[in-house]
Amino acid sequence: MDSLIGITGKDFVIFIADTAQARSILKMKGDEDKIMVVDESKMFAMAGDTGDRTTFCEYVKRNLKLYEIRSGLTLSTHAAAHWTRRALADALRQNPYQTNLLLGGWDEESGASLYYLDYLGSMHKMPFAIQGYASNFVLSIFDRYYKEDLTVAEGLELAKLCIAELNRRFLLAQPDWAIKVIKKGENGKASLEVIVPASK
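Note that the coordinates shown come from a computational prediction; the quantities given were computed from them, not determined experimentally.

Caption draft 1: Main features of the packing of aromatic side chains. In total, this model carries seven aromatic pairs according to the counting rule given. Ring geometry for Tyr-59 against Trp-83: centres 5.8 Å apart, planes inclined by 40°, an arrangement best described as tilted. With Tyr-59 in helix H1 (residues 50–71) and Trp-83 in helix H2 (residues 77–92), the pair connects residues that are 24 residues apart, well separated along the chain. For Tyr-59, a relative accessible area of 39% translates into the label partly exposed. Classification of Trp-83 by relative accessible area gives partly exposed; the value is 30%.

Caption draft 2: The arrangement of the sheet that holds strand E9 (residues 123–125) in detail. With antiparallel pairing, the five strands of this open sheet are ordered in space as E5-E6-E7-E8-E9. Looking at which strands have only one partner, the edges of the open sheet turn out to be strand E5 (35–39) and E9. Strand-to-strand, the axes of this sheet are offset by a mean angle of 20°, without reference to chain direction. In this structure, strand E7 (residues 99–107) lies alongside strand E8 (residues 111–117), joined through seven bridges in antiparallel fashion. From the neighbouring strand, Trp-106 faces E8, where its bridge partner is Ala-112.

What counts, and where the lines are drawn
- Residues numbered from 1 in each chain as written.
- Predicted model: local features only at pLDDT ≥ 70, side-chain atom pairs only at ≥ 80, totals over all residues.
- Heavy atoms only, no water.
- Phe/Tyr/Trp six-rings, centres within 6.5 Å; stacked < 30°, edge-to-face > 60°.
- Helix = DSSP H or I, 4+ residues; strand = E, 2+ residues; numbered from the N terminus.
- Buried < 20%, exposed > 50% of the residue type's maximum accessible area, 1.4 Å probe, protein only.
- Pairing = 2+ DSSP bridges.
- Axes fitted to C-alpha atoms, helices over the stretch in contact; angles between N-to-C directions.

What follows is the structure, given as structure tokens:
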């Protein structure tokens, strides 16, 4: 029952994720961080079985770092998304990972970008994306309020609207949320900002 939301705007990507860790009908803990920082310019929002999502995202993170060490080059968000999609598709034919992902980041060449990936190995570049039951409630908010040139402040207001809508209408209680932003920094490089941490 994970809820992940990704928003792109003018030179930034915002990820919002619930922090509940549940199994069947039990909530195990309320401070699970479902947003993994890959490097200084990219991050994952992860949904699915805890073991699969953590194992797979750590595998991707380590392989992207290995590529950087071997070649001296850091993959763009676009290239990292394609590598991740291929890894999911390869695993599907052997030992599939039950994980759905959002991958977002900011690059000097292409700016902010967000990719929606599912456990079947499909991938789509999107201006905003939602994983989980949250999509039933918050897509209409994006239809009404989203615009391509959002500022970070407007994106965070949009995030607050989404969280308020889920708290009001979703049957399951998801009271705690983590929010992280990757944006263009003052020096022209990507910078990470944790707006609301998973553990308080």
